[in-house]
Amino acid sequence: MDIFFQQLVNGLTIGSIFALVALGYTMVYGIMKLINFAHGDLVAMSAFVGLSVYDQFLGGTTNSLVAVLTIFAATGVIIAMAGIILERVAYRPLRNAPRLSAVVSALGASLVIQNGIMLIWGPRMRFFPADILPATTWNIGGVYISFIQVVILVVSLLIMAGLIFFIDKTRVGAAIRATSIDHDASRLMGIDVNRIITLIFVIGTFLGAVGGLFIGLYYRGINFNMGWNYGLYAFVAAIIGGIGNIPGAMVGGMLLGIFKAFIAGYVSSTWADAFTFTLLIAILVVRPTGIMGERVAEKV
Amino acid sequence: MNKKNNIMFEVKDLEVSYGSIKAIKGISIQVAKGEIVTILGANGAGKTTTLRTISRLHDPNAGTILFKGEDITTTPAHKIVSMGISHSPEGRRIFGILTVEENLILGSYSQKSTDKKTLNWVYDLFPRLAERKRQLAGTLSGGEQQMLAIGRALMSRPEMLLLDEPSLGLAPILVKAIFKTVKEIAHSGVTVLLVEQNAKAALKLADRAYVLEVGKLVLSGTSKELLASEKIQEAYLGKKRK
Ligand SMILES: Nc1ncnc2c1ncn2[C@@H]1O[C@H](COP(=O)(O)OP(=O)(O)OP(=O)(O)O)[C@@H](O)[C@H]1O
Ligand SMILES: [Mg+2]
């Protein structure tokens, strides 16, 4: 039974990261019906940017909340700006082009960012210092929970609750929902669709940056091409939840994290990919629009 | 009624193309403050294209659009509604997975906040919407969706309302009801530019009319004149030449 709860905790941790990253895919898809394949690479880039911010300005600082907040703020701003540039350069010029052009552009942008990371930070694995956050671990009835796991879970849940409130309860949130349904009708309401798209990229990449930093803080080892791996899992999470659906991405991320942890705990982590895609196919056979996908069913 | 010095809205020599296809081939329209003007025409005449160009969802190839003396030919689409022009588009284009009230609130997005008085005015005009405010808009009947599309357009308190075929797909009794409400809206001081295929109903409602045929204006005049015109009777009112 211990292994069950242990893997549940581990699964919720990685699931939170999947969920944060999945939100970036799903929000962009919701607004533009475009899979932003470069999203995972921005997530990877954020981990490197965060590490550089630490090395340059906070070298040697340990157990410091201020240091961590500085890393998140600086990285969040830098990556969100990268997201804005990505949209302007790779997607906006192709807004009215055939969909395949945008897909090719997205894949190209993914490669450019990935190679950019490699050129700037090198092809070798880099490591986050172990002591940015306290290394405290609690043992609760045989289940180990580390400080960073608690941080990841709590911060992710707070961010997601905030996002849901923003989308559901504010005027701009309503404009985002309207834009995801019908661009022209939204323009007739006075909504500046370009600004909404920029905002979506800012929010999506910011959430991705938080996810990327969590990857660095939790796993410590980061790689220039890790965006494809994490990006793929987050993308699968978004599809499981119903692509375009915001709560769906959260649920899909959590479910996928728990599933992956159980496979690792009960079977073997080498099989995680195979099982994950089997799960994806099984879910899509039963529910082609994902778990919470009916709300994004094409409008009549 | 249409005193030249009272002109509120004007389209001059408008041309619009889709790729190499010319949809609008140089048309000029004038609307005076307080008027109800209708643009009639068969399928594909270019009625929707005209309204979408006025709302700036399309760029014209040539011509100018003036509203209250201001040139809005290159104004971005999202700024048109706050200038006082609101558009209830062809096919209604309501936000189906949002509630009726959320749709109406989005109609007032160009305002700082949603005015309760305006919301109540719309609910008074369309009591059916008030009964269904928490219902998802996509589950409304066709007629109710049309009411919502018009109500949503009114939420910005427009000076001029563009209506694209509000009668489309509705039973005659509902068409009557909707047109009656449009008249009420006009009486409250809103200028109306109405696009219709239902010529009879539109001419009964409107002060003046333009007739569009494959991108060109072929006739214009007061509704009375057009109702009496033989050409209109034949082509649009289904009356045979004696
Ligand atoms: N997006 C588009 N791409 C290419 N051609 C278009 C497009 N939209 C309209 N057209 C063409 O422009 C012409 C005018 O179309 P428009 O929709 O303005 O006509 P309409 O008068 O509103 O017709 P209806 O009464 O059927 O709604 C038509 O020939 C149509 O095929
Ligand atoms: Mg039309």
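Analysis parameters
Residues numbered from 1 in each chain as written. Chains lettered and ligands numbered in written order. Predicted model: local features only at pLDDT ≥ 70, side-chain atom pairs only at ≥ 80, totals over all residues. Heavy atoms only, no water. Helix = DSSP H or I, 4+ residues; strand = E, 2+ residues; numbered from the N terminus. Expected span 1.5 Å × (residues − 1). Buried < 20%, exposed > 50% of the residue type's maximum accessible area, 1.4 Å probe, protein only. Near = heavy atom within 4 Å. Polar contact = N/O pair within 3.5 Å; in protein donor to acceptor, adjacent residues only side chain to side chain. Areas by Shrake-Rupley, 256 points an atom, 1.4 Å probe, with all protein chains shown as cover. Nonpolar A, V, L, I, M, F, W, Y, C, P; charged D, E, K, R; others polar. Pairing = 2+ DSSP bridges. Contact = heavy atoms within 4.5 Å. Axes fitted to C-alpha atoms, helices over the stretch in contact; angles between N-to-C directions. Buried area = accessible area lost by both parts, 1.4 Å probe. Salt bridge = Lys/Arg side-chain N within 4 Å of Asp/Glu carboxyl O. Core = buried A, V, L, I, M, F, W, Y, C linked by side-chain atoms within 4.5 Å. Patch = residues over 30% accessible without salt bridge, like charges linked within 9 Å, V, L, I, M, F, W, Y side chains within 5 Å. Parallel < 35°, antiparallel > 145°, perpendicular 65-115°, else oblique. Left-handed = near helix turned anticlockwise from the far one by under 90°.

Draft legend 1. Structural context of helix H8 (residues 193–219) of chain A. All names here are of chain A. A rise of 1.5 Å per residue sets the reference length of H8, with its 27 residues, at 39 Å; its end C-alpha atoms lie 38 Å apart and thus fit the reference within 8%. Of all 27 residues that make up H8, 20 are buried, and the element is covered over most of its length. Arg 220 lies just past H8 and shows a positive phi near 75 degrees.

Draft legend 2. How the structure looks around the site of ligand 1. Residues and elements named next belong to chain B. Neighbouring ligand 1 are 13 residues; Asn 43, Lys 47, Thr 48, Thr 49 and Glu 90 lie closest to it. Note that an oxygen atom of ligand 1 is positioned 2.7 Å from one of the side-chain N or O atoms of Lys 47. Within the contact set of ligand 1, an oxygen atom lies 2.9 Å away from a side-chain nitrogen or oxygen of Glu 165. Starting from 630 Å² of accessible surface for ligand 1 in isolation, the protein chains cover 61%. No other element matches helix H1 (residues 47–54), which puts three residues into the shell around ligand 1. Residue classes in the shell around ligand 1 are distributed as four nonpolar, six polar and three charged.

Draft legend 3. Quick peek at the sheet that holds strand S2 (residues 21–32) of chain B. Residue and element names in this part refer to chain B. One open sheet holds the four strands; their spatial order is S2-S1-S4-S5, and the pairing between them is antiparallel. Since the sheet does not close on itself, it has two edges, and those belong to S2 and strand S5 (70–71), each with one partner. Direction of pairing for strand S1 (residues 7–18) relative to S2: antiparallel, over a ladder of nine bridges. Bridge pairing links Glu 15 to Lys 25 in S2. Across the sheet, H1 touches S1, S2 and strand S4 (62–67), and the angle it forms with S1 is around 115 degrees.

Draft legend 4. Inspection of the interface of chain B and chain A at higher detail. In this assembly, 24 residues from chain B lie in contact with 18 residues from chain A. Here chain B packs against chain A, burying approximately 2000 Å² in sum over the two surfaces, 63% of which is carbon and sulfur. Area buried by chain B at its contact with chain A is led by His 78, Phe 95 and Tyr 109 of chain B, which between them contribute 34% of it. On the surface where chain B and chain A come into contact, there are three salt bridges. Across the salt bridge formed by Arg 93 of chain B and Asp 182 of chain A, the nearest N and O atoms sit 2.6 Å from each other.

Draft legend 5. The arrangement of the nonpolar core in detail. Core analysis: the biggest nonpolar cluster contains 98 residues, and Met 45, Leu 86, Tyr 91 and Leu 163 of chain A have the highest contact counts within it. In this view, Tyr 91 of chain A contacts Met 32, Leu 34, Asn 36, Phe 37, Ala 38, Leu 86, Ala 102, Ser 105, Ala 106 and Phe 201 of chain A; residues no more than four positions away in its chain are not counted.

Draft legend 6. Broad picture of helix H5 (residues 147–169) of chain A. All names here are of chain A. Taking 1.5 Å of rise per residue, 23 residues should cover 33 Å, and H5 covers 32 Å from first to last C-alpha, within 8% of that figure. Taken together, the buried positions of H5 are Ile 148, Gln 149, Ile 152, Ser 156, Met 160, Leu 163 and Ile 167. Where H5 is buried, its residues meet helix H1 (2–32), strand S3 (143–146), helix H6 (171–181), H8 and helix H10 (246–267).

Draft legend 7. Quick peek at a nonpolar patch on the surface. Residues and elements named next belong to chain A. Residues Ile 3, Tyr 266, Val 267, Trp 271 and Phe 275 make up a contiguous nonpolar surface patch of about 490 Å² in total accessible area. Along the polypeptide, Phe 275 turns up in helix H11 (residues 272–286). For Phe 275, a relative accessible area of 32% translates into the label partly exposed.

Draft legend 8. Here's a closer look at the packing of helix H2 (residues 39–57) of chain A against helix H3 (residues 65–91) of chain A. Residue and element names in this part refer to chain A. Two elements in contact, H2 and H3, have axes whose closest approach is 9 Å; the angle formed by their N-to-C orientations is 140 degrees. As judged from the angle between their axes, H2 and H3 are oblique. The interaxial crossing formed by H2 with H3 has right-handed handedness. In this structure, H2 contributes Leu 42, Met 45, Ser 46, Val 49, Gly 50, Val 53 and Tyr 54 to the contact, and H3 contributes Ile 71, Ala 74, Thr 75, Ile 78, Ile 79, Ala 82, Gly 83 and Leu 86. Grouping the amino acids of the contact of H2 with H3 by side-chain chemistry returns eleven nonpolar, four polar and no charged.

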